[in-house]
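# Close look at the chain arrangement
Here is what each chain is made of, one letter per residue.
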Amino acid sequence: MKKRKVLASAAVCCLCAQMLCACGEQEAEKTDKIYVGVACYNQSDTFLGEMLECFKDRMNNFESSDLQAIVTIRDAAGLQRTQNDQVKELIDAGCNVLCVNLVDRADPSEIIDLARDNDVPIIFFNREPVAEDLQQWDQLYYVGADARESGVMQGELAADAIRTDSRIDRNKDGKIQYVVLEGEPGHQDAIIRTEDAVDTLKNEGIRLEKLSYGIANWNRAQAQNRMQQLIGQYQNDIELVLANNDDMALGAIDAYVKLNRTEAGMPVFFGIDGTDVGLKAVRDSKLAGTVYNDKEGQAEAMAKLAAAIVTGEGMDEIKFENEKYIYLPYSKVTKDNVGRYLGEE
Ligand code: GAL
Ligand code: CA
């Protein structure tokens, strides 16, 4: 019903515009407002909090005397039902483009239906919907990064460290005893990062012994908890901690600090993201390395795409993979180059 009304009034507008232009040059219809509705799975997530700050910043750059850029962010606090309602509210409030960070990446259908019925394009980000879902409508896009690449890079960083520092193999058995701290089950960045980090280490000729793993949902406090249990179980045997993100690596370090372990009794830790706290931990040699998840690049790509979708300008400058996807590259961060990421060089 609503859609029909919108279509009808759009038709009237078109007719008027055509009549106005009839004697002059045909002018493309100009939009004077980019109104972005952002739906975030959980704003207390460190990486996403930082990424969305960048995004607001980038959207501000589009503001000019004849273009307004508005961003409204809604936090689903981990509930898909809440997010579906929030998307409806954002559409009702008049958003002309949506950026959606799904709670459940396997369950976007209700949101896609809502958006399509109201003709509001969606840019999904960070939590990648399955390919078939992105095919449901031609106004669906994805901005993110390739999970596999981050896993491989983490594995390479760890392999380099193990090769250059013989102290890491503390019990000198020629094998590295390790544990993994994993993000949410079902998230593309959890299982793929773990698999590829471990495979890469093996391919690099590092002999490994897996002691255990813990799921900590990207969260520092949960990781500290899980790590305390693992230390209780394995005592001084753990030589390497691979964490699917920086917050969980830092939570693991918190667990050792709480137990007053000295550096000599600690494993090496690797994260992914390069969050502000993560980078500082690399600078301070607490984290042996991390893999930079390019939040500035992702925010910029999302802002450009949102603006192009709404204004109809600049779309041909955007490079897509498979017509819908934009993946920003990861990069490796160690103490040697961390200054550049901290803006100190
Ligand atoms: C990952 C990131 C995690 C967490 C997660 C949320 O890409 O590395 O720290 O933010 O996304 O979906
Ligand atoms: Ca060992």
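Residues numbered from 1 in each chain as written. Chains lettered and ligands numbered in written order. Predicted model: local features only at pLDDT ≥ 70, side-chain atom pairs only at ≥ 80, totals over all residues. Heavy atoms only, no water.

### Some points on the sheet that holds strand β11 (residues 325–327)
The strand order β2-β1-β3-β4-β5-β11 describes an open sheet built from 6 strands, whose pairing is parallel. Strands with a single pairing partner mark the edges of an open sheet, and in this sheet they are β2 (68–75) and β11. In this sheet, neighbouring strand axes are inclined to one another by 20° on average, regardless of whether the strands run parallel or antiparallel. Of the pairings in the sheet, the one linking strand β1 (residues 33–40) to strand β3 (residues 97–100) comprises 4 bridges and is parallel in character. For V36, the partnering residue across the bridge sits in β3 and is V97. (Pairing = 2+ DSSP bridges. Helix = DSSP H or I, 4+ residues; strand = E, 2+ residues; numbered from the N terminus. Axes fitted to C-alpha atoms, helices over the stretch in contact; angles between N-to-C directions.)

### Section: the domain arrangement of the chain
In terms of domains, the chain is made up of domain 1 (32–145 + 295–313) and domain 2 (148–292). Across the contact, 12 residues belong to domain 1 and 12 residues belong to domain 2. Of the roughly 940 Å² buried between domain 1 and domain 2, counting both surfaces, carbon and sulfur atoms make up 34%. Taken together, the connections running from domain 1 to domain 2 amount to 1 salt bridge. (Domains from an automatic or database assignment. Contact = heavy atoms within 4.5 Å. Buried area = accessible area lost by both parts, 1.4 Å probe. Salt bridge = Lys/Arg side-chain N within 4 Å of Asp/Glu carboxyl O.)

### Thoughts on unusual backbone geometry
For D119, which is not a glycine, the phi torsion comes out positive at approximately 55°. Its location among the elements puts D119 in the loop between α4 (109–117) and β4 (122–125). Note on D119: relative accessible area 55%, which makes it exposed. For W218, which is not glycine, the phi dihedral falls at a positive 70°. When you line up the elements, W218 lands in the loop between β7 (208–215) and α8 (220–234). (Buried < 20%, exposed > 50% of the residue type's maximum accessible area, 1.4 Å probe, protein only.)

### Some thoughts on the site of ligand 1
With respect to spatial proximity, 13 residues lie near ligand 1, and among them D45, N126, H187, D189 and D273 are the closest. Separating an oxygen atom of ligand 1 from a side-chain N or O atom of D189 is a distance of 2.6 Å. The contact in question runs from an oxygen atom of ligand 1 to an N or O atom on the side chain of R193, over 2.8 Å. For ligand 1, the accessible surface in isolation is 310 Å², of which the surrounding protein chains cover 99%. In terms of residue class, the shell around ligand 1 is made up of 4 nonpolar, 4 polar and 5 charged. (Near = heavy atom within 4 Å. Polar contact = N/O pair within 3.5 Å; in protein donor to acceptor, adjacent residues only side chain to side chain. Areas by Shrake-Rupley, 256 points an atom, 1.4 Å probe, with all protein chains shown as cover. Nonpolar A, V, L, I, M, F, W, Y, C, P; charged D, E, K, R; others polar.)

### Quick notes on the coordination of the calcium ion (ligand 2)
Looking at the metal site, the calcium ion (ligand 2) is ligated by D169 (OD), N171 (OD1), D173 (OD), K175 (O), Q177 (OE1), E239 (OE) and E239 (OE), spaced 2.2 to 2.5 Å from it. Sequence spacing among the residues donating to the calcium ion (ligand 2) works out to D-x1-N-x1-D-x1-K-x1-Q-x61-E. Judged by its relative accessible area of 26%, K175 is partly exposed. The class of Q177 is buried, set by a relative accessible area of 3%. (Donors = N, O, S within 2.8 Å, 3.2 Å for Na, K, Ca; no water.)

### Structural notes on helix α3 (residues 80–92)
Along its 13 residues, α3 runs 18 Å from first to last C-alpha, staying within 8% of the 18 Å computed at 1.5 Å per residue. Regarding α3, the residues found buried are Q80, Q83, N84, Q86, V87, L90 and I91. Looking down the long axis of α3, one finds its buried residues gathered within 165° of arc, a one-sided arrangement. Tucked inside the fold, the buried residues of α3 contact β1, β2, β3 and α4. In the stretch just after α3, G94 is the one whose phi turns positive, near 105°. (Expected span 1.5 Å × (residues − 1). Arc of directions from axis to C-beta.)

### Comments concerning the side chain of R58
Among the secondary structure elements, R58 is positioned in helix α2 (residues 46–60). In this structure the side chain of R58 is engaged in a polar contact, spanning 2.9 Å, whose partner is the side chain of E300. If we skip the residues at most four places from it in the chain, R58 touches E296, A299, E300 and A303.

### Re the UniProt feature "domain: Periplasmic binding protein" (unreviewed entry) in the chain
The residues that UniProt annotates with the feature "domain: Periplasmic binding protein" (unreviewed entry) are residues 36–313. The distance from the first to the last C-alpha atom of residues 36–313 is 16 Å, and the span holds 46% helix and 18% strand. (UniProt positions renumbered as here; feature names shortened; annotations may be inferred.)

### Quick look at the packing of α2 against helix α11 (residues 295–311)
The N-to-C vectors of α2 and α11 enclose an angle of 45°; their axes lie 8 Å apart at closest approach. As summarised for this structure, α2 and α11 are arranged oblique, according to the angle between their axes. The hand of the α2/α11 crossing is right-handed. Between α2, through F47, E50, M51, C54, F55, R58 and M59, and α11, the contact on the second element is made entirely by K295, E296, Q298, A299, E300, M302 and A303. When the residues that make up the contact of α2 with α11 are grouped by side-chain class, the tally is 8 nonpolar, 1 polar and 5 charged. (Parallel < 35°, antiparallel > 145°, perpendicular 65-115°, else oblique. Left-handed = near helix turned anticlockwise from the far one by under 90°.)

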